[in-house]
Amino acid sequence: MANRKGRPFLEIFALALKEDFRFPTFELFAFLFCVGTFVFANFGSTMFYSTSVTSNTAYNVTSSALSTVLFIFMILVFKNIAYGLGSDLEKGIVQTYLSYPLKRRSILSAKLLSALGVSLMLFLGVQILSLYILAPDVVIPQFGTVLLTYAASLCYPLLIAGIILLVTLILRRGGSALVLGIVLYFVLEIIQNLITPIATATQLSESGTLSLQIMSLFSPNFALARYYQFYGQTGIHVWVPTASGVIACIGAGYVIVASIFVVAYFYVSRRLSL
Amino acid sequence: MKRWAILLGRVGTTVIAIGLALFLVSLIPPTAINGLSYNWGVAYSNGFSTGLAPDIGYASNAWGTLYWGVLTEPQTLHVNIAANASLNVYILEVSSSTIDDWTNQTYSGSVDFSNVTYLDKFLDLHPSVIGWQGEINNGTIAFEYTPMRIVNISLIVSDHSLEPVGISAYQLLWFSSVAPVSKVQTLSEFAVPIGVAFTLPYLGNLLKTKKKRRGTAKQ
């Protein structure tokens, strides 16, 4: 029975993979992820004053390696979700998928596994391999911090991916969702950069701290960066999270992401008319 | 075409892409990130030259540390030293205080820590700490050193002669690569052939399919 159910799922997954990663898309992004990680990680140019590797070192190396490569990863996800799924909806290819003996939510799962899951596997695989080659002394003893940094940094792209998915499903047009996703990404980036000076300026009021906390829910890396930047320093009046506070932010961030995806699944199962 | 061949082929092309990326990364030249030098024989006071600088002197049978710090794998230290006598030069993968601590623990009573005998004994017992060693014979020496991990390094000179000697100049330059070049090149050399081997069944199947198509078209 399980075999009979699994086969159509794999068929759709294979079709989605073929569509999302036409030659040489997968290879090109693997190349970009690999080169980007080495070029943007500032590990070599950092002068160390001690051989002891702290979690702060691991965070700095991982986040510097992530910076621009994360944007390349987002381009791949935007392409797969907005352009791939959007054009499938627009051209009516999804109706062909419905002829398979599968529930709608399984079809969406197969599409997402290809668009998001495989992209994420490629991204994390290449990044962690490159970081290991670059700084094994940092990655091995501080592997927990490296994973925490990835968890915090990926929450924000996944949130935008979820919003794009929802918009694509509602509008049934990939182009509009793609534009909206790019705009949303840059707007959130600008807000992240503006919110710290605003919070510092309004440090006497509660709103300054509140704005930072709200931002940390949507982008937990913001809280993690503040933790490593300011924790233990005196004279910092604006909110600095504790370690448990950062983990709570990451958890809350993923709950928000999961709820957006649940809404998308609900929409596909109950509301999407084809 | 069989799906396993397609999957293997795509894995192969991805491995080739990663291998090429690593090869490209290994070609990026290192950049200077820091420098330190003793003025090659010229001393400056308030920004003005005041003539020849005195040598950094070492008593007979003594050793001294020119520099100690921390170096990481993608970094390379370029060293130039000029001396007026015969001197042994070492890059040790420990801080110089480790040698003093060892001397203090091993020998009781009053100890002249700068005596070269203690350094030689330490090196005899701990040969693994020697990262590089060489000798200056009344002239200059230039070398570069790249560690294999994050490591404390000490640039040490030792005088085994009965005469006091001096170093007239030295220069240290730190260069940083985007990746550990030798490691990345080795991985690239392995990755590309492995990728090609994975791709071969896919290419074989592709050629067969094309031949079949041509045959069908002719008929």
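Refer to the structure above for everything that follows.
This report concerns the structure included in the present document. Keep in mind the model is a prediction, meaning the values are calculated, not measured.

About the cut-offs
Residues numbered from 1 in each chain as written. Chains lettered and ligands numbered in written order. Predicted model: local features only at pLDDT ≥ 70, side-chain atom pairs only at ≥ 80, totals over all residues. Heavy atoms only, no water. Buried < 20%, exposed > 50% of the residue type's maximum accessible area, 1.4 Å probe, protein only. Helix = DSSP H or I, 4+ residues; strand = E, 2+ residues; numbered from the N terminus. Arc of directions from axis to C-beta. Contact = heavy atoms within 4.5 Å. Phe/Tyr/Trp six-rings, centres within 6.5 Å; stacked < 30°, edge-to-face > 60°. Core = buried A, V, L, I, M, F, W, Y, C linked by side-chain atoms within 4.5 Å. Pairing = 2+ DSSP bridges. Axes fitted to C-alpha atoms, helices over the stretch in contact; angles between N-to-C directions. Left-handed = near helix turned anticlockwise from the far one by under 90°. Nonpolar A, V, L, I, M, F, W, Y, C, P; charged D, E, K, R; others polar.

### Here's the deal with helix 2 (residues 96–106) of chain B
Residues and elements named next belong to chain B. Of the positions making up helix 2, those classed as buried are Ser96, Ile99, Trp102 and Thr103. All buried residues of helix 2 fall inside an arc of 120° around its axis, so they share one side. Opposite the buried face of helix 2, by more than 90 degrees, sit the exposed residues Asn104 and Gln105. Where helix 2 is buried, its residues meet strand 5 (62–71), strand 7 (86–92), helix 3 (116–125) and strand 10 (151–159).

### Quick look at the packing of aromatic side chains
Counted according to the given criterion, the structure contains 15 aromatic pairs over all chains. Ring geometry for Trp132 of chain B versus Phe143 of chain B: centroids 3.6 Å apart, planes at 5°, classification stacked. With Trp132 of chain B in strand 8 (residues 130–137) and Phe143 of chain B in strand 9 (residues 140–145), this residue pair connects regions lying eleven residues apart in the sequence. Classification of Trp132 of chain B as partly exposed rests on a relative accessible area of 23%. Aromatic rings pair up to connect Phe29, Phe33, Phe73 and Phe123 of chain A into one cluster.

### Focus: the nonpolar core
Phe33, Phe38, Ile81, Phe123, Leu165 and Leu169 of chain A are the most contacted members of the largest nonpolar core, which totals 90 residues. The greatest single-element share of this core, amounting to 16 residues, is contributed by helix 3 (residues 55–91) of chain A. Listed in part, the 25 residues of the second largest apolar core include Ile91, Ile136, Phe143 and Tyr145 of chain B.

### Considerations on the pairing of strand 5 of chain B
Residue and element names in this part refer to chain B. Counting buried positions over the ten residues of strand 5 gives eight, a clear majority of the element. The sheet contact formed by strand 5 and strand 10 spans nine bridges and is antiparallel. When the bridges of strand 10 are listed, Trp68 appears paired with Ser154.

### Side note on the packing of helix 2 (residues 25–40) of chain A against helix 5 (residues 104–134) of chain A
All names here are of chain A. Orientation of helix 2 relative to helix 5, taken along the N-to-C sense of each, is 35°, at an axis distance of 9 Å. In this structure, helix 2 meets helix 5 at a crossing whose hand is right-handed. Across from Phe26, Phe29, Ala30, Phe33, Cys34, Thr37 and Phe38 in helix 2, the residues of helix 5 making contact are Val118, Leu122, Phe123, Val126, Gln127, Ser130, Ile133 and Leu134. Looking at the contact of helix 2 with helix 5, its residues break down into twelve nonpolar, three polar and no charged.

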